[in-house]
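Residues per chain, in single letters:
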Amino acid sequence: MDSPDHLRLSLAAAMELGFAPGTFHRDARLHCVNLLLTYDPGCRANCAFCGLSRDSRQRLDNKQFIRVSWKAFRTDDIIDRLKRVQEHGVVQRVCLSMITHPRAVTDTLALTERLTTEVNLPLSLLISPTVMTTDDLASMRDAGAERIGVAIDCATEALFDRMRGRGVKGPHRWDHYWGIYSRSLEIFGPGMSGVHLICGLGETERELCAAMARAHDQGGSTHLFSFFPERASVLYEQPQPPLAVYRRIQLARYLIDHDLIGFVDLDFDDQDRIAGFGPADDDLERVIASGEPFRTSGCPGQTPAAACNRPFANERPSQRLRNFPFPPHETDVALCREQLFEDCFAPAQGGIR
Ligand code: SF4
């Protein structure tokens with residue numbers, strides 16, 4: 001059941017491709033089919049927040065990742081189904097995620113060639129820098145990949161080291177991750193790589209804004225996630241970040257990635273919470289009313305909106321939506337506007353409410 005003959009599919013992807021029954025809450029549809037390499041015994045890394053880590057497997061034979069189960073299917077069958085849906089317009093992208101494993105690069109290259117030759121959809125690769133060199137990036141581009149995602153996840157070097165590196169006896173190193181990201185932008189071109197960052201791992205709002213600005217200043221963008229405690233992970237008891245924090249971070253990300261502000265424009269209070277959005281404050285109501293800042297951020301589809309919309313990947317369907325996988329309704333936007341400062345934190349400048 002190992003890659004490259006088998007791949008894991010997110011539950012949403014299994015549903016969209018007809019491998020699993022069911023429909024999503026609020027009729028959400030999946031626009032990016034997420035595939036994951038699979039090996040026995042699995043990922044060699046040990047990230048504190050991940051359900052696929054070495055220690056998670058010891059606690060529970062868990063195959064949960066980004067909140068949902070990922071079942072393995074034959075690669076041939078997945079490709080057959082992708083061919084069937086490729087012209088319907090619902091699925092607009094495929095993303096293949098590596099895990100930290102010695103065979104991951106070789107198999108990713110072979111699968112990239114197959115997927116881009118046999119399926120008429122753009123392909124993103126969510127890479128694992130730890131098992132890669134910069135030369136591998138050029139091979140991935142030459143094999144047909146269109147975009148790159150680098151899951152840096154943690155906003156600061158100290159947090160990264162504690163959650164993914166030495167703190168968990170893990171192999172990942174902060175400088176190597178950012179170095180590979182920077183090189184991927186040179187090889188794939190400006191705007192063709194993005195950084196995954198998770199809100200709620202213990203960073204301050206200022207720190208997360210600085211990391212998002214770094215990703216954008218280098219020529220890419222941020223694909224933002226809200227922390228969700230994975231069942232078997234070290235952090236399974238850690239609460240999710242308050243919605244107010246996540247809404248402010250979503251808004252900051254949108255403004256930074258759309259060149260409406262830089263990090264220096266943001267105002268922070270004495271607890272490093274966002275207190276103002278600088279020159280964007282005057283235009284903020286229009287930006288909020290569009291609902292766009294609250295949608296899932298990720299690799300685009302046929303329009304600039306993210307194809308990678310990951311329905312309910314950061315919350316249970318019974319909970320308040322964090323990343324909207326579709327354009328938010330007017331009532332959703334009104335709620336997001338309220339949530340922005342529901343921790344009673346008064347913005348330093350006018351125009352926010
Ligand atoms: S944003 Fe989505 S499609 Fe892009 S690299 Fe990340 S998981 Fe893949």
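Structure's up top.
Quick notes on the rules
- Residues numbered from 1 in each chain as written.
- Predicted model: local features only at pLDDT ≥ 70, side-chain atom pairs only at ≥ 80, totals over all residues.
- Heavy atoms only, no water.
- Near = heavy atom within 4 Å.
- Nonpolar A, V, L, I, M, F, W, Y, C, P; charged D, E, K, R; others polar.
- Buried < 20%, exposed > 50% of the residue type's maximum accessible area, 1.4 Å probe, protein only.
- Helix = DSSP H or I, 4+ residues; strand = E, 2+ residues; numbered from the N terminus.
- Pairing = 2+ DSSP bridges.
- Right-handed = clockwise from strand over helix to strand, strands pointing away.
- Contact = heavy atoms within 4.5 Å.
- Disulfide = S-S within 2.5 Å.
- Core = buried A, V, L, I, M, F, W, Y, C linked by side-chain atoms within 4.5 Å.
- Expected span 1.5 Å × (residues − 1).

*Asks:* Which residues make up the site of the ligand, and what values go with them?
*Replies:* Neighbouring the ligand are Cys32, Asn34, Cys95, Ser124, Gly149, His196, His223, Gly298, Cys299, Cys308 and Arg310. By residue class, the composition of the shell around the ligand is four nonpolar, six polar and one charged.

*Asks:* Please provide a residue-by-residue account of the pairing of strand S5 (residues 93-97), values included.
*Replies:* Taking burial as the measure, the five residues of S5 include five buried ones, the bulk of the element. Because side chains alternate across S5, one face comprises the buried residues Arg93, Cys95 and Ser97, and the other comprises Val94 and Leu96, equally buried. Across five bridges, the pairing between strand S2 (residues 32-36) and S5 is parallel. Within the sheet, the bridge partner assigned to leucine 36 lies in S5 and is serine 97. Both S5 and strand S6 (residues 123-127) contribute to a ladder of four bridges, which runs parallel. By the bridge assignment, leucine 96 is partnered in S6 with leucine 125. The parallel pair S5 and S6 is bridged by helix H4 (residues 104-118), and the resulting crossover is right-handed.

*Asks:* Explain the environment of alanine 104 residue by residue, including any values.
*Replies:* Secondary-structure assignment places alanine 104 in helix H4. With 15 residues separating them along the chain, alanine 104 and valine 119 place their C-alpha atoms 21 Å apart. Residues contacting alanine 104, with those up to four places away along its chain left out, are Leu37, Tyr39, Met98, Ile99 and Val131.

*Asks:* Account for the environment of tryptophan 174, naming residues and giving values.
*Replies:* Among the structural elements, tryptophan 174 can be located in helix H7 (residues 174-188). Distance from tryptophan 174 to leucine 284, taken between C-alpha atoms, is 34 Å for residues 110 residues apart in sequence. Those residues in contact with tryptophan 174 that lie beyond four places of it in its chain are Ile152, Cys154, Ala155, Thr156, Glu157, Phe160 and Arg214.

*Asks:* Lay out unusual backbone geometry with the relevant residues and their values.
*Replies:* The amide bond that connects serine 3 to the next residue, proline 4, takes the cis arrangement and shows omega of 10°. Position of proline 4 among the secondary structure elements: in the segment before strand S1 (6-10). Cis geometry marks the peptide bond from aspartate 40 to proline 41; its omega dihedral reads 15°. Secondary-structure assignment places proline 41 in the loop between S2 and helix H2 (54-59). The backbone of arginine 26 shows a phi angle near 60°, a positive value even though the residue is not glycine. With respect to the helices, strands and loops of the structure, arginine 26 is situated in the loop between helix H1 (11-16) and S2. Of note, aspartate 259 is a non-glycine position whose phi angle comes to about 60°, a positive value. Assignment of secondary structure puts aspartate 259 in the loop between helix H9 (243-257) and strand S10 (267-268). Taking the relative accessible area as the measure of exposure, aspartate 259 reaches 61% and is therefore exposed.

*Asks:* Explain the state of the cysteines to me, and be specific about the residues and the numbers.
*Replies:* For the structure shown, the criterion picks out zero disulfides. Cysteine cysteine 43 shares no disulfide, and the gap to the nearest cysteine sulfur, in cysteine 50, comes to 6.5 Å.

*Asks:* Outline the nonpolar core, supporting the account with residue identities and numerical values.
*Replies:* Within the largest apolar cluster, 106 residues are counted, with the highest numbers of intra-cluster contacts made by Phe49, Ile127 and Phe277. Counting residues in each nonpolar core, the second largest holds six residues, with Cys32, Cys95, Ala307 and Cys308 among its members.

*Asks:* Before we move on, can you summarise H9 with the specific residues and values?
*Replies:* Under the 1.5 Å per step criterion, the end-to-end length of H9 is 21 Å for 15 residues, consistent within 8% with the ideal 21 Å. Counting buried residues along H9, 15 of its 15 residues qualify, which places the element largely inside the surrounding structure. Positive backbone phi, approximately 60°, marks aspartate 259, located one or two places after H9.

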